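Below are the chains, spelled out letter by letter.
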Amino acid sequence: MSELVLVRHGQASFGQADYDRLSPLGHEQASRLGEALAAQGFAPDRVFRGAQRRHRETLDGMAPALGLDPQHAVVHEGLNEFDASALLAARFPGGLSEEERRDRRTYFRILRETVIAWQKDEVDSPPESFSAFTARVLAARDAMLAASEAADGPVLAVSSGGAISRLLADALRAPAEQMILLQLQMKNCAVSRLVGGPDARYLHAFNETPHMRERADARLLTYA
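Residues numbered from 1 in each chain as written. Predicted model: local features only at pLDDT ≥ 70, side-chain atom pairs only at ≥ 80, totals over all residues. Heavy atoms only, no water.

Trainee: Got a sec to walk through the sheet that holds strand β2 (residues 46–49)? Specific residues and values, please.
Mentor: Read from one edge to the other, the open sheet built from six strands follows the order β3-β2-β4-β1-β5-β6, with strand pairing classed as mixed. Edge positions in the sheet fall to β3 (74–75) and β6 (201–208), since each has one partner strand and no second. With four bridges joining them, β2 and strand β4 (residues 155–159) adopt parallel strand pairing. From the neighbouring strand, Arg49 faces β4, where its bridge partner is Val158. Relative to the sheet, helix α6 (residues 130–149) contacts β1 (2–8), β2, β4 and β6, its axis offset from that of β1 by approximately 135°. (Pairing = 2+ DSSP bridges. Helix = DSSP H or I, 4+ residues; strand = E, 2+ residues; numbered from the N terminus. Contact = heavy atoms within 4.5 Å. Axes fitted to C-alpha atoms, helices over the stretch in contact; angles between N-to-C directions.)

This is the structure:
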């Protein structure tokens, strides 16, 4: 039975000009996650990541403790996140207000509503259709399952909340809107696991944070 271990990237740079880079805390989360997984005896046989900077930086942070060479990871664009900024711009051509962009609760409420509208084809000229997003994410899953057939251990993948949540919702045979509900719960550097094969996949774990071991580690708990 194949096992896909799906890691969401560390904390990125919410509210900054370039979101697609880890914050100092995000780098620490990635390093701590690698150490925690190594302590559990986790040894992936194949490694995949998305093509975005935050995916690369997260894997780079995890790799030393796990004895991995990040250069050997398979880069699959199916593990990239949907373009939330462009999707919001398509739905709100005039842009969000400064308050809407800066207030996390308001921003993520608007994002949730926008993703659900996107899934229903109610957003004009999105940067990517929801069906195209789904197709590329599932293509990445199939590539990882194919790699796992020749592997002696689990397949590790570093990706983003939306792409991982799409895989989980598909495994659960859940309605499309469940994707964003799972995504908004997903912590930075959280670990989720799928087991199964080409014909059936099952959710084995969701949103685990092995890098948070003590009460003092609460500062490592972030969502963006």
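Past the structure itself, the notes keep going.
Trainee: Explain α6 to me, and be specific about the residues and the numbers.
Mentor: The terminal C-alpha atoms of α6 lie 29 Å apart, and with 20 residues this matches the ideal 28 Å at 1.5 Å per residue to within 8%. Residues of α6 that are buried include every one of Phe130, Phe133, Thr134, Arg136, Val137, Leu138, Ala140, Arg141, Met144, Leu145, Ala147 and Ser148, and no others. (Expected span 1.5 Å × (residues − 1). Buried < 20%, exposed > 50% of the residue type's maximum accessible area, 1.4 Å probe, protein only.)

Trainee: Describe the pairing of β4, and please don't skip the residues or the numbers.
Mentor: Of all five residues in β4, five are buried, a share of seventy percent or more. Pairing geometry for β1 and β4, over five bridges, is parallel. By the bridge assignment for β4, Leu4 is matched with Val155.

Trainee: Could you give an account of the environment of Trp118, with specific residues and numbers?
Mentor: For Trp118, the location among the structural elements is in helix α5 (residues 104–119). When the C-alpha positions of Trp118 and Leu88 are compared, they lie 9.8 Å apart, and in sequence the two are 30 residues distant. Beyond its immediate sequence surroundings of up to four residues, Trp118 is in contact with Phe82, Leu87, Val123, Pro126, Glu128, Ser129, Phe130, Phe133 and Met179.

Trainee: Outline empty space enclosed by the protein, listing residues and values.
Mentor: Counting across every chain of the model gives one cavity of 30 Å³ or more. When its volume is computed, the largest cavity comes out at roughly 30 Å³. Considering the residues around the largest cavity, the lining is formed by Phe82, Asp83, Leu87, Trp118, Pro127 and Glu128. Of the residues belonging to the lining of the largest cavity, the class tally is four nonpolar, no polar and two charged. (1 Å grid on protein atoms, 1.4 Å probe; cavity = no way out; pocket = protein on both sides within 12 Å on 5 of 7 lines; lining within 4 Å. Points joined across faces, edges and corners; volume = space filled by probe spheres on them. Nonpolar A, V, L, I, M, F, W, Y, C, P; charged D, E, K, R; others polar.)

Trainee: With reference to specific residues and values, describe the packing of helix α3 (residues 84–91) against α5.
Mentor: Interaxial distance between α3 and α5 falls to 10 Å at its minimum, and their mutual angle equals 75°. Judged on the interaxial angle alone, α5 and α3 are roughly perpendicular. Contacts between α3 and α5 involve Ala84, Leu87, Leu88 and Arg91 from the former and Tyr107, Ile110, Leu111, Glu113, Thr114, Val115, Ala117 and Trp118 from the latter. Of the residues belonging to the contact of α3 with α5, the class tally is nine nonpolar, one polar and two charged. (Parallel < 35°, antiparallel > 145°, perpendicular 65-115°, else oblique.)

Trainee: Give me the environment of Gln52: which residues, what numbers.
Mentor: You can see Gln52 is positioned in the loop between β2 and α2 (53–66). Judged by its relative accessible area of 18%, Gln52 falls in the buried class. A polar contact of 2.9 Å, which involves the side chain of Gln52, links it to the backbone nitrogen of Glu81. (Polar contact = N/O pair within 3.5 Å; in protein donor to acceptor, adjacent residues only side chain to side chain.)

Trainee: Quick one: what's the story with α2, residue by residue and with numbers?
Mentor: Relative to the 20 Å expected for 14 residues at 1.5 Å per residue, α2 spans 20 Å between its end C-alpha atoms, a close match to the ideal helical length. Among the residues of α2, those classed as buried are Arg54, His55, Glu57, Thr58, Leu59, Met62, Ala63 and Leu66. Those residues of α2 that are buried are in contact with β1, α1 (24–39), β2 and β4.

Trainee: Now, about the packing of aromatic side chains: what can you tell me, with residues and values included?
Mentor: Tallied over the entire structure, the rule returns six aromatic pairs. Each ring, one from Phe82 and one from Trp118, has its centre 5.1 Å from the other, and the planes form 45°; the classification is tilted. Here Phe82, found in the loop between β3 and α3, pairs with Trp118, found in helix α5; they are 36 residues apart in sequence, far enough to count as distant. Take Phe82 and Trp118: they sit in the same class, and that class is buried. Centre to centre, the rings of Phe130 and Phe133 are 6.3 Å apart; their planes meet at 35°, and the pair counts as tilted. With Phe130 and Phe133 both in helix α6, this residue pair falls three residues apart, about one helical turn. The exposure class assigned to Phe130 is buried, which follows from its relative accessible area of 9%. In this structure Phe133 comes out as buried when scored by relative accessible area, which is 0%. The rings of Phe82, Trp118, Phe130 and Phe133 are connected pair by pair, giving a single aromatic cluster. (Phe/Tyr/Trp six-rings, centres within 6.5 Å; stacked < 30°, edge-to-face > 60°.)

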